[in-house]
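Chain and residue survey
Chain by chain, the residues run as shown.
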Amino acid sequence: MLNSKIPAGPLDQKWTDFKGHCKLVNPANKRKLEVVIIGTGLAGASAAAALGELGYKVKAFCFQDSPRRAHSIAAQGGINAAKNYQNDGDSVFRLFYDTIKGGDYRAREANVHRLAEVSANIIDQCVAQGVPFAREYGGLLSNRSFGGTQVQRTFYAAGQTGQQLLIGAYQALERQVALGNVEMFNRHEMLDVVVIDGKARGIIARNLVNGKLERHFGHAVLLCSGGYGNVFYLSTNAMGSNVTAAWKAHKKGAYFGNPCFTQIHPTCIPVSGDHQSKLTLMSESLRNDGRIWVPKKQNDTRKPFDIPEEERDYYLERRYPAFGNLVPRDVASRAAKERCDAGYGVGSSRQAVYLDYADAIERYGKGEVNKRNIQGATQQVITELGKEVVKEKYGNLFDMYEKITGENPYEVPMRIYPAVHYTMGGLWVDYELMTTVPGLYALGEANFSDHGANRLGASALMQGLADGYFVIPYTIGNYLADEIRTNAIPTDHPAFVEAEKNVADRISQLINIKGKQTVESFHKRLGKIMWDKCGMARNAEGLTQAIEEIRQLKREFWSDVRIPGDINEMNPELDKANRVADFIELGELMCIDALDRNESCGGHFREESQTEEGEAKRDDAAFAYVSAWELKGEHQWQLHKEELHFEVAKPTQRSYK
């Protein structure tokens, strides 16, 4: 039976009551307790900094050469917080409600309300660290809108918010490293969790520089290793992003929650050919001012500026007048796919729609003319002044687009198309962020907890920092208070020896296959199966086929993959093979989960379950639960259900019209 450990009492008092009654560890005892943290993105770096500051002995691991290269750095558009600086009606409740509704009522109310509560603290913390958020003329922090909301609550630093927030967390982390409270292990990858007497007590890590396996003890282990979007091969994730840490935990007993919930981001640069290894995101913030459209005529090959206004279909504004271009990501993505599938796509591939800034440039230009009191301004002057404003708000994003496509987005509309971006699924955790393995926690994108079936834009950074700075310092103390008499367990303990042997045997098995096919070729084939049959739309027939195809791919991988090089050296191909082997197993579970959930909700769109207008059709009577999967054996999982109860945000059919 799953116990989510949600505190009793009114929703808006649960977190306050928890903090007031949870167990504490005194400062002297904290210095005796060791915590292992996997991943140093926003969740991992903030957790390591916060726990180091409290006095715990922390070991932090990342597979990159520096914590600053964590994928959090790629987040562009912003971070949500219920500050209501605009006085436009925002509140903690409205952020909570928007998040629950945006996730299509498939998230746990208590966790989401806590996230909304601590959101305001995150901004204060980051400003104190020196994060250069954009500011209004008078010096106040600036806000913009993101999809799924009708208020402005997104704080940002141009189009590089993730980078600036990560630098803030990195500085806090490095301060603790300098003080000796955190020991940093770069270029190390976790390859197993060590469980002793039913509790997580450490990890086996591989030094990626020399190939050696290492044993590391911890009274608790925190997984902050990000999402698994690269199971699709092409995604907006960094190429190194993987599921391995979470998957190893899953194999040691941690349940996997809602694996089929994948977010497709609507504003990405379209695929340009088979040569690509990743995709590039264009921030959702561009939907603040950009207008999305396609020609009204099918297979229209005219240049965008040759298509007059009356022959353009601003389809999001037409279909969803209340939210327009700022509908949630799942809605915008499906709408773009529908237009392209119907023959209205643009560009050489016809798999793209336009994101147009002409109106915004005109509007901002006229505003500048009025502000500067320029009399008789020509259209050229208005356009140039408008471009200056747009450049100040979104300039690095426009530069990035031009470098990749060779087109100037100030002059011609951007071409965009949906792509895999984020995974709402992850390790199942309770209210305290602990997995089903005692002492093993999952934070940030590595857990399933806050976003339901669809994440609202600018909420990933919010969750990562909330979990690391403001949640785990309390919840881990509640567990470690009972561990103060547990001495550090020597790493020659039989459980460590056995775990290391299992890792070494698997690595040896991989490198000795000596087949003919590259790791990359298997990853590409897996990605194609997943995108075609478990991507933006799924159906029972396709998912059933995908499960069998993935099982066949797994058999082929373990009999015919070729990995050059040796074990005891730097061997990126071996590292990649380890990760792809895990992706293959995860892909099977994702399809099983998608097949089992015979409803449409958020990013999970079952073609058999849609309204007459083509919108997602939930089945609350049958599927208002979290799918938590327990691994029982090869190709075998048992489903455990955590029923979702909505006391405040009563489920309704989502409408953004």
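Relevant structure appears above.
Residues numbered from 1 in each chain as written. Predicted model: local features only at pLDDT ≥ 70, side-chain atom pairs only at ≥ 80, totals over all residues. Heavy atoms only, no water.

Structural notes on the packing of helix α3 (residues 42–54) against helix α6 (residues 161–179)
Cut-off, in case you're wondering: Fitted lines through C-alpha atoms serve as axes, helices being fitted only where they are in contact, and the angles separating the N-to-C directions of these axes extend from 0 to 180 degrees. Only runs of H or I of at least four residues qualify as helices and only runs of E of at least two qualify as strands under DSSP, and these elements are numbered from the N terminus. The sense of a crossing depends on the near helix, which, turned anticlockwise from the far helix by less than a right angle, makes the crossing left-handed and, turned clockwise, makes it right-handed. Should any heavy atoms of two residues lie within 4.5 Å, those residues are considered in contact. As a working rule, the residues Ala, Val, Leu, Ile, Met, Phe, Trp, Tyr, Cys and Pro are called nonpolar, Asp, Glu, Lys and Arg charged, and the rest polar, with Gly in that last group.
Orientation of α3 relative to α6, taken along the N-to-C sense of each, is 35°, at an axis distance of 8 Å. Here the hand of the crossing between α3 and α6 comes out left-handed. Counted together, Leu42, Ala45, Ser46, Ala48, Ala49, Gly52 and Glu53 of α3 and Leu165, Leu166, Ala169, Ala172, Leu173, Arg175 and Gln176 of α6 form the full contact between these two elements. Residues belonging to the contact of α3 with α6 are distributed by class as follows: 9 nonpolar, 3 polar and 2 charged.

A closer look at the packing of α6 against helix α12 (residues 460–480)
Here is the rule: Each angle is binned into one of four classes, with values under 35 degrees roughly parallel, values over 145 roughly antiparallel, values of 65 to 115 roughly perpendicular, and all other values oblique.
Between α6 and α12, whose axes approach to 11 Å, the crossing angle comes to 10°. As the angle between them shows, α6 and α12 are arranged roughly parallel. Between α6, through Thr161, Gly162, Leu165, Gly168, Ala169 and Ala172, and α12, the contact on the second element is made entirely by Leu461, Leu465 and Tyr469. Taken together, the residues of the contact of α6 with α12 sort by class into 6 nonpolar, 3 polar and no charged.

Let's talk about the nonpolar core
Filter applied, for reference: Buried residues of nine kinds, namely Ala, Val, Leu, Ile, Met, Phe, Trp, Tyr and Cys, make up a nonpolar core once their side-chain atoms join them within 4.5 Å. The classification of residues rests on relative accessible area computed with a 1.4 Å probe and restricted to protein chains. Under 20% of the type maximum is buried, over 50% is exposed, and intermediate values are partly exposed.
One finds Ile79, Leu222, Tyr441 and Ile476 to be the most contacted residues of the largest nonpolar core, which totals 154 residues. Among all residues touching Leu222, those that are not within four sequence positions of it are Val35, Val36, Ile37, Ile38, Ala47, Leu51, Tyr441, Leu443, Ile472 and Ile476. Residues Tyr315, Phe323, Phe398 and Tyr417 belong to the second largest nonpolar core, which totals 33 residues.

So, the sheet that holds strand β5 (residues 182–185)
What counts is decided by this rule: A pair of strands counts as paired when DSSP detects no fewer than two bridges linking them.
Ordered by their spatial adjacency, 5 strands build an open sheet running β5-β2-β1-β9-β17, and the pairing between neighbours is parallel. Each having just a single partner strand, β5 and β17 (440–442) make up the two edges of the open sheet. With direction set aside, neighbouring strand axes in the sheet form an average angle of 20°. Relative to strand β2 (residues 57–61), strand β1 (residues 34–38) is paired through 5 bridges, and the arrangement is parallel. Across the sheet, the residue bridging to Glu34 is Lys57, located in β2. Relative to the sheet, α3 contacts β1, β2, β5 and β9 (220–223), its axis offset from that of β1 by approximately 165°.

Don't take any of this as a statement about function, it's just geometry.
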